[in-house]
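# Reading the structure
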Amino acid sequence: MAGLNKVVSSYEEALTGLSDDMTIMVGGFGLCGIPEGLINQMVKMGVKGLTAISNNAGVDDFGLGLLLKHRQISTMIASYVGENATFEQQMLSGELNVILTPQGTLAEKIRAGGAGIPAFFTATGYGTPVAEGKETREIKGRHYVLEESLTADFALVRAWKADTMGNLVFRKTAANFNPMMATAGKITVVEAEFIVEPGELDPDHIHTPGIYVDRVIQGKFEKRIEQRTVKAAK
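An unreviewed UniProt entry annotates the protein chain as Acetyl-CoA:acetoacetate-CoA transferase alpha subunit LiuF originating from Shewanella oneidensis.

### Observations regarding the sheet that holds strand 5 (residues 119–122)
Taken in spatial order, the three strands of this open sheet run 5-7-6, and their pairing is antiparallel. Looking at which strands have only one partner, the edges of the open sheet turn out to be strand 5 and strand 6 (136–139). Averaged over all pairs of adjacent strands, the angle between strand axes in this sheet comes to 35°, irrespective of strand direction. Sheet topology note: the strand 6/strand 7 (residues 142–148) ladder contains four bridges and is antiparallel. In the sheet register, Arg137 faces strand 7, and the bridge partner there is Tyr144. Each of strand 5 and strand 7 is contacted by helix 5 (residues 103–115), which is oriented at about 155° to strand 5, the strand it contacts most.

### Quick word on the domain arrangement of the protein chain
Here the domain parsing of the protein chain yields domain 1 (19–99 + 150–216) and domain 2 (115–149). Averaged C-alpha coordinates put domain 1 and domain 2 at centres separated by 26 Å.

### Quick word on the pattern of salt bridges
Summed over all chains, the structure comprises nine salt bridges. Salt bridges sharing common partners tie together Glu36, Arg158 and Glu193.

Rules and cut-offs
- Residues numbered from 1 in each chain as written.
- Predicted model: local features only at pLDDT ≥ 70, side-chain atom pairs only at ≥ 80, totals over all residues.
- Heavy atoms only, no water.
- Pairing = 2+ DSSP bridges.
- Helix = DSSP H or I, 4+ residues; strand = E, 2+ residues; numbered from the N terminus.
- Axes fitted to C-alpha atoms, helices over the stretch in contact; angles between N-to-C directions.
- Contact = heavy atoms within 4.5 Å.
- Domains from an automatic or database assignment.
- Salt bridge = Lys/Arg side-chain N within 4 Å of Asp/Glu carboxyl O.

As C-alpha cells, then:
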C-alpha cells in the first residue's frame with residue numbers, strides 16, 4: 001500500500017493477488033471472529049485448490065463451510081471437524097486432505113511462523129498418530145515432537161477496531177486465532193467492525209501493530225450465532 005493509509009474501498013481490492021493453490025490463514029473459532037466478507041469474496045472469485053489453515057470450518061452454509069461447499073479447499077489444516085457435515089463427509093471420502101492438529105499446537109505453529117521460528121518441540125502428541133513421521137527427542141527425561149511452524153500467502157483476520165495505519169484491537173473471545181495469524185501472512189488483510197483515525201486507539205490497548213497489516217477494509221457482518229442456547233420459559 002502506498003503511504004501509511006492501508007484502507008481499501010472494496011473486497012475485490014482487499015483480495016488482489018489471491019489466486020488458485022495458495023495457502024490462506026483464516027481467523028476465527030467456529031463462527032466467532034471470522035472475516036465473513038472476505039470469505040464471501042473468495043467464494044465469488046472462485047479460487048480453488050486452496051490450503052486453508054483455521055481452527056475449524058464453521059458450519060455448512062456459512063464461513064469457511066461455503067468454500068468447502070463449492071469445493072474450493074483441497075487441504076484443511078485444523079483442530080476440529082465438528083459442526084460441519086460437509087467437512088466431515090469430504091474428509092471421510094478422501095476428497096479433502098485434512099491435517100488434524102492439536103489446538104494448542106496449531107496456535108503455536110502459527111505464532112512461531114509469525115515470529116520467524118521455523119520449528120519447536122512440544123510434548124503434545126508424542127506416542128500418538130500426530131507424531132508419526134516427525135522427529136522426536138528426549139529432553140530432561142520427557143519426550144517431545146518437533147513441529148514445524150506455519151505461514152501463509154494470505155492471512156485473513158477480523159478485528160473489532162482498526163485505525164487507518166493498520167493498528168488493531170480485538171474484542172473478547174473474537175480475538176482467538178486472529179492476532180497470531182495477523183503476524184504470519186505474507187499479505188495480511190483485516191476486516192474491521194470499526195475503522196478510526198490514527199491516535200484514536202489507546203496505544204496500551206493495541207493488540208497487533210500496523211507493521212504486520214497490509215490492507216484494511218470496513219466489514220459488514222451478520223454475526224450469526226452458531227448454537228443458540230436460551231433459558232427455558234417459566
